[in-house]
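# Structural features, examined
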Amino acid sequence: MFFFAPLFTAPVFYLAAIYVLAAVVPAVFLMRYVYRQDRIEREPVWLLGSLVWKGVLAALASIVLELLGESILNALVDPENPRYVVLLAFLVVGAVEEGTKFFFLYRRTWRDPNFNFRFDAIVYAVFVSLGFAAFENVKYVFNYGLSVALPRAILAVPGHMGFAVFMGIFYGRAKRCADRGSSFGCRVNLLLGYLAAVFLHGVYDTCCMSGTSQSTLIFVLFVLVMYLAVYLLIRHEAKTDAPV
């Protein structure tokens, strides 16, 4: 018993704790913000906790699927080809990461009786996505140090939330269509939610991966516009929330 005590008092333990906090706090802050916007009927904490865990599972699944997808892309397209970055960003990273998030989101919430208001869909999608982002952030901070914590806190983590808000808007409308007997409307909205998230994620990553002055300018403008749009959409959807 006493053999392990020094491990928990050693400087390395406190440093690890600082790294984890630096990685996780931005996601927790955004979760709290979205949770507080759900004014009509807030979701149970145990459900939200399970969605965060689903986000972690989505991140783990994405690691495997992205390695597979990148291997296939490398076999089909020369990495020196100008189109390679775009294909990697959209068809591998964006499609896989948003696909795993959507998979776990749907499996956990679609038939849950707590899913009874349209804004619930945004909350659910955001919690899955931020669980994903928190896990990804921990990995980056431990790999590259605290120097990446701040830029990721203001770019990558809110970026994942932004993609989730667009997915959640369509997800809520799909649920409403399903409950009203419109299977076509349900399928269309589910597809649009996924494609919207993939598109935004793809644009984000294409700009990041390109590394040119032009792509950097586009990235800054894209992030500013998306953040403003997400803020306005959250306020509007919360204010006009209605049963599904």
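Parameters at a glance
- Residues numbered from 1 in each chain as written.
- Predicted model: local features only at pLDDT ≥ 70, side-chain atom pairs only at ≥ 80, totals over all residues.
- Heavy atoms only, no water.
- pLDDT = per-residue confidence, 0-100.
- Helix = DSSP H or I, 4+ residues; strand = E, 2+ residues; numbered from the N terminus.
- Contact = heavy atoms within 4.5 Å.
- Axes fitted to C-alpha atoms, helices over the stretch in contact; angles between N-to-C directions.
- Parallel < 35°, antiparallel > 145°, perpendicular 65-115°, else oblique.
- Left-handed = near helix turned anticlockwise from the far one by under 90°.
- Nonpolar A, V, L, I, M, F, W, Y, C, P; charged D, E, K, R; others polar.

### Things to note about the confidence of the model for the chain
Counting all residues, the mean pLDDT for the chain is 93, and 96% of those residues have values of 70 or more. Confidence scores differ between elements of the chain, with helix α1 (residues 5-9) showing the lowest mean pLDDT of 50 and helix α4 (residues 83-109) the highest of 98. This stretch, residues 1-5, has a pLDDT under 50; its non-local contacts, to residues over four places away or in other chains, come to zero contacts.

### Describing the packing of helix α7 (residues 156-179) against helix α9 (residues 213-239)
Two numbers describe how α7 lies on α9: the axes approach to 10 Å, and their chain directions differ by 40 degrees. Classified by the interaxial angle, the pair formed by α7 and α9 is oblique. Relative to α9, the crossing made by α7 is left-handed. Counting all contacts with α7, which are made through Pro158, Gly159, Met161, Gly162, Phe163, Val165, Phe166, Ile169 and Arg173, the residues of α9 involved are Met226, Tyr227, Ala229, Val230, Leu233, Ile234 and Glu237. Residue composition of the contact of α7 with α9, grouped by class: twelve nonpolar, two polar and two charged.

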